[in-house]
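Chain by chain, the residues:
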Amino acid sequence: MRIILLGAPGSGKGTVAKRLTAYDGSVQISTGDMLRSEVQQDTPLGLKALKFMVAGNLVPDELILEIIATRFELNPPSGFLLDGFPRTIPQATALDAMFARLGIQLDLVANLVVPEDVILDRLSNRRTCSNTACQEIYNLKSNPPGAGDTCRKCGSLVIQRADETVEAVTRRLQVYRSTTEPLVEYYTRTGQLLVVKDLKTDDVAASIIRAAGAHACI
Ligand code: AMP
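The following refers to the structure shown. Nothing here was measured: the structure is a model prediction, and the numbers come from that model.

**Here's the deal with the nonpolar core**
So, point 1. Counting residues in hydrophobic clusters, the biggest one holds 27 residues, and the most contacted among them are Ile68, Phe72, Phe80, Leu82, Leu95, Phe99 and Tyr187.
So, point 2. Looking at this core, the elements that each hand over two or more residues are β1 (2-7), α3 (44-55), α4 (61-74), β3 (80-83), α5 (89-102) and α8 (182-189).
So, point 3. If one sorts the elements of this core by residue count, α4 sits on top with six residues.
So, point 4. The residues contacting Phe80, other than those within four sequence positions of it, are Met1, Arg2, Ile3, Ser26, Val27, Ile29, Phe72, Phe99, Ile104 and Leu106.
So, point 5. Core analysis: the second largest hydrophobic core is formed by 17 residues, Val16, Ala17, Val204 and Ala205 among them.

What follows is the structure in structure tokens.
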């Protein structure tokens, strides 16, 4: 599958991406995970990105576009789930140009629509594996981590992300509405948008698989 997952923070993009990866081996490409890994390794890119991330703001387009171009040009995946990218109109137009250059045909853009009270509840209960090579996502209520707040997959400590404080979450939701939500109209115009209103991961994944099947051979 070649899919963009669109949706507010807490809409379930990462969890659904992992489910779809398990389904057909398409790779999850999460710009948030890539940036957290750069931050943890203290790279120049990580140092530039950190202040934007902690405040709940978007990292400048040019930094993200460089990460994405490097990922696709050096190691082009046959199937992918873009999780958290694009997040601005300039990112979407740059992605269109890159796909045209590389001859990549997108199957669809899935917009995960989740009510705000569910989002706030999910984000306040979300915990993430601190191992940047894993970054498994947990929910204290519906999918708790292992004993002693450890990751059930790799055993590392599970933490609340620095950008999941009430202030940062509020800011991230504002940024989503003002800067990322216009992409819904952008992809409606290109005819690629699939609106998904299911809340359970299994149902969301099934809706996407069904719709992608109508577009591509999966
Ligand atoms: P995420 O894990 O996708 O919620 O991303 C965490 C943070 O990384 C965001 O709040 C942004 O600061 C930054 N980030 C991730 N993806 C992008 C993107 N496509 N454009 C700009 N900033 C991004």
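Now that the structure is up, let's keep going.
**Remarks on the site of the ligand**
So, point 1. Taken together, 16 residues sit near the ligand, with Thr31, Arg36, Asn57, Gly84 and Gln91 positioned nearest.
So, point 2. At a separation of 3.0 Å, a nitrogen atom of the ligand approaches a polar backbone atom of Val59.
So, point 3. Within the contact set of the ligand, an oxygen atom lies 3.3 Å away from a side-chain nitrogen or oxygen of Arg161.
So, point 4. Alone, the ligand offers 480 Å² of accessible surface; in the complex the protein occludes 96% of this.
So, point 5. With four residues, helix α2 (residues 31-40) is the single largest residue contributor to the shell around the ligand.
So, point 6. Grouping the constituent residues of the shell around the ligand by class yields six nonpolar, five polar and five charged.

Cut-offs used in this document
- Residues numbered from 1 in each chain as written.
- Predicted model: local features only at pLDDT ≥ 70, side-chain atom pairs only at ≥ 80, totals over all residues.
- Heavy atoms only, no water.
- Core = buried A, V, L, I, M, F, W, Y, C linked by side-chain atoms within 4.5 Å.
- Buried < 20%, exposed > 50% of the residue type's maximum accessible area, 1.4 Å probe, protein only.
- Helix = DSSP H or I, 4+ residues; strand = E, 2+ residues; numbered from the N terminus.
- Contact = heavy atoms within 4.5 Å.
- Near = heavy atom within 4 Å.
- Polar contact = N/O pair within 3.5 Å; in protein donor to acceptor, adjacent residues only side chain to side chain.
- Areas by Shrake-Rupley, 256 points an atom, 1.4 Å probe, with all protein chains shown as cover.
- Nonpolar A, V, L, I, M, F, W, Y, C, P; charged D, E, K, R; others polar.

By themselves, these figures tell us nothing about what the structure is for.
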